[in-house]
Amino acid sequence: MNFYSLSSGSSGNCYYLGNGGHGILIDAGISSKSVHNFLKQINVPMNSIMGILITHNHSDHIKGLEVLTRKTNIPVFTTHRIWDSILKTKRNISSDCMREISLHLKFHLAGFEIEAFPVCHDAPETIGFHICAGDARFTLATDLGTICQTAARYIKEANMIVIE
């Protein structure tokens, strides 16, 4: 499992997690061009990205999502509630790219087993991700207001964590 922070902070959040020949992005808070440039720097071809996981609707997590999905047709994985909140500000984004996920229901993508869980934050809904591949257990919980019991459980299970 390879992890790279392409950008983190109030100016934009975007992370790459790879597993062999495929990978995923978590959030798209930077421009599509910046995503392409960062991936090029770490020798990851754009066509190896199998999906984009979105944690919540704040612009520093979705700023580049509209252009990125239009140019690449990469599917976006998030909850129905988060997707609805994204559509209120990103009116030109196509619902065709959306893949609805549910909290605490595992799904598979790019060789990873992924589970979304709720995170305490001031958005309509905010989620973190617990991602497994073999013995590697990765938890990402950004914009964490407080560490609630649910988030704490996934953080404790991980052998790699990203919290902000």
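Residues numbered from 1 in each chain as written. Predicted model: local features only at pLDDT ≥ 70, side-chain atom pairs only at ≥ 80, totals over all residues. Heavy atoms only, no water.

1. Focus: the nonpolar core
With 44 residues, the main nonpolar core has Leu-25, Leu-53 and Ile-131 as its most contacted residues. Discounting residues that sit within four places of it in the chain, Leu-25 has contacts with Leu-6, Cys-14, Tyr-15, Tyr-16, Val-35, Leu-39, Ile-49, Gly-51, Ile-52, Leu-53 and Leu-68. If you look at the next biggest cluster of nonpolar residues, it comprises eight residues, including Val-119, Leu-144, Cys-148 and Ile-155. (Core = buried A, V, L, I, M, F, W, Y, C linked by side-chain atoms within 4.5 Å. Buried < 20%, exposed > 50% of the residue type's maximum accessible area, 1.4 Å probe, protein only. Contact = heavy atoms within 4.5 Å.)

2. Looking at the sheet that holds strand E4 (residues 49-53)
The six strands are arranged E1-E2-E3-E4-E5-E6 in an open sheet whose pairing can be described as mixed. Each edge of the sheet is formed by a strand with only one pairing partner; in this case those strands are strand E1 (2-7) and strand E6 (98-100). Taking each pair of neighbouring strands and ignoring which way they run, the sheet shows an average axis angle of 25 degrees. Taken together, the five bridges between strand E2 (residues 14-19) and strand E3 (residues 22-26) define a ladder with antiparallel strand orientation. Within E3, the position partnered with Asn-19 by the bridge is His-22. (Pairing = 2+ DSSP bridges. Helix = DSSP H or I, 4+ residues; strand = E, 2+ residues; numbered from the N terminus. Axes fitted to C-alpha atoms, helices over the stretch in contact; angles between N-to-C directions.)

3. Digging into the pairing of strand E10 (residues 136-141)
Of all six residues that make up E10, five are buried, and the element is covered over most of its length. In the sheet, strand E9 (residues 127-133) pairs with E10 via five bridges, with the strands oriented antiparallel. By the bridge assignment, Phe-129 is partnered in E10 with Leu-140. Direction of pairing for E10 relative to strand E11 (residues 160-163): parallel, over a ladder of four bridges. Each residue of the ladder has a partner; that of Phe-138, found in E11, is Met-160. Since E10 and E11 lie parallel, the crossover through helix H5 (residues 149-157) that links them has a hand, and here it is right-handed. (Right-handed = clockwise from strand over helix to strand, strands pointing away.)

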